[in-house]
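Secondary and tertiary structure notes
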Amino acid sequence: MSHLVIPSHWKIRRSTHFFTKDNVPAALLSHHNTAEGVFGQICVMQGTVTFYGFANEAATEPEKVVMIKAGQFATSPPQYWHRVELSDDAQFNINFWAEGDTGNQSMFKASTIHSKPIDALFDKPKE
């Protein structure tokens, strides 16, 4: 899981700002997945982020558990259901990789079973 390789010709299409326990969107803490054709890369700067991977949207028991420590990253393949937990001192961001131009395509999908839609994952552009 943590060593899935993103194809070398893919590019980062979007990145989030840094999240902590104080500002992480609630939807990241419950079931969600990356969109079709999009890899997620969780990069931990401080503390620990625990990644729970699920076989499908309805699963309640994780099939994979990966502890990502400061200075490490893990990847989540396209359309893989997961959620994260943060240590009290965790600071991380997410890079979204895709092969082609994604335009305004969503980079993720929140579960309709386990969560509410993600409200504020990305910084809003300054006008």
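For the structure itself, look to the data block above.
Sequence order as written defines the numbering, with residues in each chain counted from 1. Local features are withheld for residues below a pLDDT of 70 in this predicted model, meaning they are given only at 70 or higher, and side-chain atom pairs are given and counted only at 80 or more; totals for whole chains, interfaces and linings count all residues. Side-chain metrics rest on all non-hydrogen atoms present in the structure, leaving aside hydrogens and water.

1. Structural notes on the nonpolar core
- One finds Ile42, Val49 and Phe92 to be the most contacted residues of the largest nonpolar core, which totals 20 residues.
- Those elements that provide at least two residues to this core are strand S3 (38-46), strand S4 (48-54), strand S5 (64-69), strand S7 (81-86) and strand S8 (91-98).
- Considering every element that reaches this core, the biggest residue donor is S8, with four residues. The criterion is simple. A nonpolar core is a set of buried Ala, Val, Leu, Ile, Met, Phe, Trp, Tyr and Cys residues joined through side-chain atoms within 4.5 Å. Working definition: with a 1.4 Å probe on protein chains only, accessible area under 20% of the residue-type maximum means buried, over 50% means exposed, and in between means partly exposed. Secondary structure elements follow DSSP: runs of H or I of four or more residues count as helices, runs of E of two or more count as strands, with numbering from the N terminus.

2. Concerning the sheet that holds S3
- Read from one edge to the other, the open sheet built from four strands follows the order S1-S8-S3-S6, with strand pairing classed as antiparallel. Since the sheet does not close on itself, it has two edges, and those belong to strand S1 (11-15) and strand S6 (73-76), each with one partner. Mean inter-strand twist for the sheet, computed between neighbouring axes without regard to direction, equals 30°. Strand pairing is defined by DSSP finding a minimum of two bridges between the two strands. Here an angle of 0 to 180 degrees is reported between the N-to-C directions of two axes, which are lines fitted to C-alpha atoms, with helices fitted over the stretch in contact.

3. What about the pattern of salt bridges?
- One speaks of a salt bridge when a side-chain nitrogen belonging to Lys or Arg is within 4 Å of a carboxyl oxygen belonging to Asp or Glu. The full count for this structure, using the stated rule, is two salt bridges.
- For the salt bridge of Lys21 with Asp88, the shortest nitrogen-to-oxygen distance reads 3.1 Å. Linking Lys21 in the loop between S1 and strand S2 (32-34) with Asp88 in the loop between S7 and S8, this pair joins segments that are 67 residues apart in sequence.
- Given the relative accessible area of 45%, Lys21 is considered partly exposed.
- We classify Asp88 as exposed; its relative accessible area is 68%.
- Salt-bridge contacts for Arg83 lead to Glu85; the nearest nitrogen and oxygen are separated by 3.4 Å.
- Given the relative accessible area of 37%, Glu85 is considered partly exposed.

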